[in-house]
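Residues per chain are reported as follows:
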Amino acid sequence: MSQTRETLITMANQIATFFQSQGAPDLAARDTAQHIKDFWAPRMRRDLLDMIAAGEAQRLSPIASDAMHRLK
Amino acid sequence: MSLITEKDFGTPASVATETVTLTIDGQAVTVPAGASIMRAAGQMGTQIPKLCATDMLDAFGSCRLCLVEIEGRAGTPASCTTPVANGMVVATQTPKLAKLRKGVMELYISDHPLDCLTCAANGDCELQDMAGAVGLREVRYGYQGHNHLNAATDASNPYFTYDPAKCIVCSRCVRACEDVQGTFALTIAGRGFGSRVSPGQSELFLGSECVSCGACVQACPTATLTETKVIEIGQPEHSAITTCAYCGVGCTFKAEMRGEELVRMVPYKDGKANRGHSCVKGRFAWGYATHRERVLEPMIRASTDDPWTVVSWDEAISHTASEFRRIQAKYGKDSVGGITSSRCTNEETFLVQKLIRAAFHNNNVDTCARVCHSPTGYGLKTTFGASAGTQDFDSVEHCDVMLVMGANPTDAHPVFASRMKKRLRQGAKLIVIDPRRIDLVRSAHIRADHHLALKPGTNVAMLDAIAHVIVTEGLVNETYVRERCDLEDFQHWAAFVARPENSPEALEAVTGVAAQSVRAAARLYATGGNAAIYYGLGVTEHSQGSTTVMAIANLAMATGNIGRPGVGVNPLRGQNNVQGACDMGSFPHELSGYRHISDEGARNLFGADWGVTLDADPGLRIPNMLDAAIEGEFKGIYIQGEDILQSDPNTKHVAAGLAAMECVVVQDLFLNETANLAHVFLPGSTFLEKDGTFTNAERRIQRVRRVMSPRNGYADWEVTQMLARALGYPMDYQHPSQIMDEIARLTPSFAGVSYDRLDALGSIQWPCNETAPEGTPLMHMERFVRGLGRFVVTEYVPTDEKVGPRFPLLLTTGRILSQYNVGAQTRRTENAAWHEEDLLEIHPHDAEERGVKSGDWVKLASRAGETALRAKITDRVAPGVVYTTFHHPLTQANVITTDFSDWATNCPEYKVTAVQVSRGNGPVDWQISYAEKASRSRRIEATS
């Protein structure tokens with residue numbers, strides 16, 4: 001997996017960490033998904049979803065993972 | 001056109017609301033109470049002779065020229081120091097006064113060289129004017145006695161000359177240095193006849209504490225302190241009001257010209273941001289505009305290994321368009337994008353994002369604000385509803401407590417820093433939160449009440465600790481919170497910060513700051529009266545940059561410090577038009593006026609106006625573009641006025657991204673570092689060569705006025721327009737005012753802005769619309785833009801960039817007064833006299849452990865890369881922290897910084913990099929090889 005794609009996992013986890021501190025886990029996943037939808041280009045979302053599908057996103061936090069599933 | 005002259009009323013205006021009526025020379029005049037007789041006379045059009053008085057300074061009463069007679073009072077008091085009173089009857093011109101004034105002038109002139117015809121100030125000399133005004137016809141005393149006529153001139157400063165032979169010791173320069181600039185670099189040395197103006201302890205200007213702001217030159221009524229350019233060129237003959245192109249303060253200047261030659265930039269008293277003051281950059285460092293290294297013809301090349309080939313504008317533009325078309329045909333429409341410039345005008349920035357959205361048909365547009373204040377946009381929009389600071393600069397005059405965090409105003413925003421220092425000298429309290437002991441902590445007549453020298457990367461922990469004190473000690477302004485904020489959010493936040501783990505004691509080990517200091521600072525901020533927060537990139541350029549901005553907003557709301565003069569949240573913007581670049585829709589996710597691209601109504605409004613269908617998804621941000629390039633999916637970029645190779649983090653990663661592209665277009669004044677990896681170079685124009693507007697840190701939209709023809713042939717907006725046409729998208733603006741009309745048509749917060757309104761009002765702070773036709777100096781007065789203020793929980797999350805045995809020190813980066821950003825402009829001026837190279841500041845303990853002495857070459861290494869520079873040993877930085885600037889390409893400080901970035905915005909974490917420092921022998925191999933490559937890349941093929 002390339003370093004640049006690995007960066008997407010770090011970014012998603014950072015976002016999830018922030019929203020986790022704001023409230024309940026399902027709200028955190030919802031807000032993480034909305035943030036990614038609002039600020040990430042479709043290509044970035046697609047790349048991370050591809051990584052998840054390929055089993056290459058093990059480092060993704062549960063909330064970030066939940067968020068990405070909402071964006072499928 | 002003629003020379004714009006500003007009336008000098010002699011003493012500052014009184015701010016009193018009550019008025020006083022008096023009679024001067026038989027005419028009744030009503031003025032504010034507290035005004036001087038001199039000012040009152042000036043208001044009715046009577047100029048009382050004066051030399052030591054000027055309305056930029058408080059009255060001094062030393063020259064004895066402004067004497068008047070007052071009915072019922074003995075003697076001849078000075079009109080500058082005598083306040084008006086009801087019923088006062090004043091005579092400004094009587095035989096007695098005429099005789100006294102003539103005698104005083106005779107004494108001045110008896111020790112002044114009579115070389116008016118060859119004097120640089122001929123035609124612009126108050127002494128000359130006053131000799132005329134008092135009717136001086138002879139000087140009886142001759143030059144036989146002691147005099148100062150052979151005093152040596154000090155020409156050490158590159159921008160102005162000090163000729164003590166012409167000095168009348170009026171102290172205007174000394175007072176300007178104290179009152180206006182606040183540096184206290186000048187004094188009157190000696191006594192009586194031996195008195196003379198002296199920088200420091202009889203030093204030369206260049207070696208003294210003088211910061212070359214020019215206030216002394218501005219204040220001097222004779223040719224004693226004169227701009228070197230005026231000495232070289234002569235007096236200007238016409239001028240135009242324009243806006244400085246350096247920092248986000250946005251100083252207004254008179255560009256004083258002879259023909260198309262700029263003679264000098266003189267700060268404009270009516271400038272709302274600078275109020276007649278300036279700094280060394282805006283006042284003097286404009287020589288880059290005519291520097292020999294400026295590239296004036298377009299150039300192209302097939303490969304970055306090739307030398308440049310000079311081509312016509314037509315060829316350059318059609319080649320660029322054809323390359324972008326080719327790339328999009330081959331790799332898809334999303335394979336190209338562009339970067340707008342925070343140094344260019346609003347109109348130019350608007351046009352570049354329009355080009356990308358309407359002619360590239362995607363939203364891959366970003367701006368250099370990405371790497372500085374993007375967290376400000378996110379954080380303040382989330383909490384307040386508007387992506388901008390809340391106050392105007394005048395607000396500082398009502399401030400009782402300043403909290404300065406992650407900003408170094410005396411270097412990065414020097415003109416506003418002078419206003420801050422003035423207020424501090426008047427008694428306002430100061431809290432500084434910064435790892436470094438910035439100048440504001442301890443300088444002439446300024447002492448911070450609290451300096452919280454926290455460890456880099458712990459801003460959120462510090463603000464949570466302060467909030468903890470405010471909440472648990474009952475210092476919340478409950479009335480304000482109840483009336484203005486979302487109560488549920490507040491309670492959630494208050495419960496969070498009140499947790500024991502957020503107490504100053506619990507966080508002491510994290511921040512490195514004693515709990516008692518944090519508690520004292522928190523109490524001062526919450527209870528000290530009007531409290532304002534001023535912050536800079538030390539807040540935003542962190543992995544928790546957006547969280548920190550929201551934590552700042554929380555503090556301001558909890559203490560009720562939003563919505564009136566003297567308070568507020570004030571981001572000090574870095575570049576001249578960072579605010580404007582953000583306002584103009586430069587971010588990939590939003591259109592001008594901060595409307596999200598997914599907002600169908602906004603998108604359709606723009607789409608209808610532009611005749612295109614806009615993509616509803618956000619585009620790529622700068623770091624995402626580079627990542628995508630390395631992945632092989634992003635192939636072409638149009639970069640206007642930005643040097644990402646030098647300014648963006650992790651230089652090697654940026655270089656890899658650019659190298660992976662097939663068409664990199666750089667539009668700039670010089671062959672900057674990014675141009676080393678470019679295929680097309682389009683010459684840019686300076687702010688002196690075009691019309692437009694900049695928006696400063698207080699949301700103030702100000703005119704930039706063309707005073708000379710573009711040396712490259714076109715203003716930047718014209719180049720973008722040519723490129724759009726070549727791509728098949730019609731743009732037909734005849735003047736930037738038409739672009740502003742379009743901005744106003746499409747952007748609600750700019751609805752009332754036009755060039756006519758700007759000319760009429762001087763400047764306008766957005767929002768400007770039907771409800772605020774003259775703009776909005778202070779925001780969120782009655783209610784927040786979003787309705788109720790929103791408190792956000794701000795949990796401290798340590799950065800992933802950790803120190804360890806290999807990299808035990810933390811590097812933080814910043815700016816220095818004399819240089820600006822990547823130095824492309826200031827390095828090409830005489831400002832190099834103050835800062836020839838980047839230095840590494842290191843604490844004596846860390847230096848001693850490593851055997852490093854001041855001036856030694858040291859190697860600076862991080863996980864991202866290494867470079868070498870000279871060391872400067874100083875206790876400004878704490879043990880464990882090192883600091884450098886990023887102004888010089890030889891150093892390439894950003895080869896050290898990493899890819900870590902803010903969670904919300906991808907703003908890079910410049911301020912925290914784990915590093916090791918060791919003794920070195922000179923530049924490292926990478927620097928040598930980079931310099932060789934850069935030199936090779938700048939080759940230009942000889943034209944036949």
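Only a predicted model underlies this, so the values are computations on that prediction, with no experimental measurement involved.

Before going further, it helps to spend a moment on the overall build of chain B. Helix and strand counts for chain B stand at 29 helices and 36 strands. Relative to the compact-globule value of 30 Å for 944 residues, chain B shows a C-alpha radius of gyration of 29 Å, a close match. On the principal axes, the C-alpha backbone points of chain B span a range of 90 × 80 × 65 Å. Counting the 944 residues in chain B, one finds 64% classified as buried. Considering only intrachain contacts with a sequence separation of at least 6, the fraction spanning at least 24 residues in chain B is 73%. Here chain B contributes 91 positive and 107 negative side-chain charges, whose respective centroids are spaced 3 Å apart.

This part takes up the domain arrangement of chain B. Residue and element names in this part refer to chain B. Taken domain by domain, chain B comprises domain 1 (19-93), domain 2 (160-290), domain 3 (301-372 + 578-765), domain 4 (374-571) and domain 5 (809-937). Tallying the contact residues gives eleven residues for domain 1 and 13 residues for domain 2. Both sides together, the interface formed by domain 1 and domain 2 hides about 940 Å², and carbon and sulfur atoms give 61% of it. On the domain 1 side of the contact with domain 2, L51, M56 and L57 bury the most area, a combined 57% of that side's loss. K269 is paired through a salt bridge with D55; the nearest N and O atoms lie 2.9 Å apart. Applying the counting rule to domain 1 against domain 2 returns five residue pairs in polar contact (both at pLDDT 80 or more).

How big an interface is tends to be expressed through the accessible area that disappears when the partners come together. Tallying the contact residues gives 29 residues for chain B and 24 residues for chain A. The largest share of the area that chain B buries against chain A comes from P618, E631 and W903 of chain B, three residues that together contribute 26% of it. Linking chain B to chain A there are four salt bridges. For R45 of chain A, the salt bridge goes to D617 of chain B, with nearest N and O atoms at 3.4 Å. Top element by residues in the side of chain B that touches chain A is helix α22 (residues 622-630) of chain B. It accounts for four residues.

Turning to the nonpolar core, a few remarks are in order. All names here are of chain B. Core analysis: the biggest nonpolar cluster contains 68 residues, and F160, L225, M402 and L430 have the highest contact counts within it. Top contributing element to this core by residue count: helix α12 (residues 414-425), with four residues. Apart from residues lying up to four places away in sequence, M402 is in contact with V396, M420, R423, L424, A428, K429, L430, I431, A532 and Y534. In this structure, L591, I743, V753 and Y755 belong to the second largest nonpolar core, which totals 62 residues.

The subject of this paragraph is the sheet that holds strand β31 (residues 809-814) of chain B. Strand pairing in a sheet takes place through backbone hydrogen bonds and is either antiparallel or parallel in direction. All names here are of chain B. Taken in spatial order, the six strands of this closed barrel run β31-β35-β32-β34-β33-β36, and their pairing is mixed. This sheet shows a mean twist of 45° between the axes of neighbouring strands, independent of strand direction. In terms of strand pairing, β31 meets strand β36 (residues 913-919) through three bridges, oriented antiparallel. In the sheet register, L810 faces β36, and the bridge partner there is A914.

The geometry of an aromatic ring pair comes down to the distance between the two centres and the angle between the two planes. Residues and elements named next belong to chain B. One pass over the full model with this rule turns up 25 aromatic pairs over all chains. Consider the rings of W493 and F791, whose centres lie 4.8 Å apart with planes at 35°: the pair is tilted. Taken together, the positions of W493 in helix α15 (residues 487-497) and F791 in the loop between β30 (763-765) and β31 put the pair 298 residues apart, joining distant regions of the chain. One exposure class covers both W493 and F791, and it is buried. Put simply, the rings of Y159, F160, Y162, F205, F284 and W834 touch in pairs and so form one group of aromatic residues. Its end group placed over the ring of F784, R484 keeps NZ or CZ at 4.8 Å from the ring centre.

Bringing the confidence of the model for chain A into the picture now. Taken residue by residue, chain A gives an average pLDDT of 92. The fraction at 70 or more is 96%. Averaged pLDDT values over the elements of chain A bottom out at 92 in helix α1 (residues 3-20) of chain A and peak at 96 in helix α4 (residues 62-70) of chain A.

Turning to helix α3 (residues 42-53) of chain A, a few remarks are in order. Residue and element names in this part refer to chain A. Between its terminal C-alpha atoms α3 stretches 16 Å, which fits the 16 Å expected from twelve residues at 1.5 Å a residue. Among all positions in α3, only R43, M44, R45, D47, L48, L49, M51 and I52 are buried. G55 sits one or two positions beyond α3 and adopts a positive phi of about 70°.

Cut-offs and rules
Residues numbered from 1 in each chain as written. Chains lettered and ligands numbered in written order. Predicted model: local features only at pLDDT ≥ 70, side-chain atom pairs only at ≥ 80, totals over all residues. Heavy atoms only, no water. Helix = DSSP H or I, 4+ residues; strand = E, 2+ residues; numbered from the N terminus. Rg over C-alpha atoms; globule rule 2.2 N^0.38 Å. Buried < 20%, exposed > 50% of the residue type's maximum accessible area, 1.4 Å probe, protein only. Contact = heavy atoms within 4.5 Å. Lys, Arg positive; Asp, Glu negative; His and termini not counted. Charge placed at Lys NZ, Arg CZ, Asp CG, Glu CD. Domains from an automatic or database assignment. Buried area = accessible area lost by both parts, 1.4 Å probe. Salt bridge = Lys/Arg side-chain N within 4 Å of Asp/Glu carboxyl O. Polar contact = N/O pair within 3.5 Å; in protein donor to acceptor, adjacent residues only side chain to side chain. Core = buried A, V, L, I, M, F, W, Y, C linked by side-chain atoms within 4.5 Å. Pairing = 2+ DSSP bridges. Axes fitted to C-alpha atoms, helices over the stretch in contact; angles between N-to-C directions. Phe/Tyr/Trp six-rings, centres within 6.5 Å; stacked < 30°, edge-to-face > 60°. Lys NZ or Arg CZ within 6 Å of the ring centre and 35° of its normal. pLDDT = per-residue confidence, 0-100. Expected span 1.5 Å × (residues − 1).

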